[in-house]
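Fold and contact review
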Amino acid sequence: MSAHGDQVRTTKCPGGPLLVRGAEAWEDKDGEVHPVTRPVVAVCRCRRSELLPWCDGSHKLPKGG
């Protein structure tokens, strides 16, 4: 979902989140729509974040930690 017809761009960070630019909202895999309030947001790809769908840096921690 883009703002004012702008193109939404995504960038995969190796071993980290998906950076999303230009979105007004993010729809997660369950179909829930989350408003985006920043020009760039980090979407969790490891599913370890306590702030899903947003990345909280948990991918940097040792597994199980």
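Refer to the structure printed above.
A brief structural summary.

Note the cis peptide between Leu-52 and Pro-53, where omega equals 15 degrees. Not every positive phi belongs to a glycine, and Arg-47 is a case in point at roughly 65 degrees. Position of Arg-47 among the secondary structure elements: in the segment after β5 (40-43).

Quick look at the sheet that holds strand β1 (residues 9-12) now. In spatial order, the strands read β1-β2-β5; together these 3 strands make up an open sheet with antiparallel pairing. This sheet does not close on itself; its edge strands, each paired only once, are β1 and β5. Within the sheet, the average angular offset between the axes of one strand and its neighbour, ignoring direction, is 25 degrees. The pairing of β1 with strand β2 (residues 18-21) spans 4 bridges and is antiparallel. Bridged to Lys-12 within β2 is Leu-18.

Moving on, we come to the side chain of Ser-49. Relative to the assigned elements, Ser-49 resides in the segment after β5. Here Ser-49 falls in the buried class, since its relative accessible area comes to 7%. A polar side-chain atom of Ser-49 sits 2.9 Å from the main-chain amide nitrogen of Leu-51. A polar contact is formed between the side chain of Ser-49 and the backbone nitrogen of Asp-56, at a distance of 3.4 Å.

Reading the values: the criteria
Residues numbered from 1 in each chain as written. Predicted model: local features only at pLDDT ≥ 70, side-chain atom pairs only at ≥ 80, totals over all residues. Heavy atoms only, no water. Helix = DSSP H or I, 4+ residues; strand = E, 2+ residues; numbered from the N terminus. Pairing = 2+ DSSP bridges. Axes fitted to C-alpha atoms, helices over the stretch in contact; angles between N-to-C directions. Buried < 20%, exposed > 50% of the residue type's maximum accessible area, 1.4 Å probe, protein only. Polar contact = N/O pair within 3.5 Å; in protein donor to acceptor, adjacent residues only side chain to side chain.

Just distances and angles here, no functional claims.
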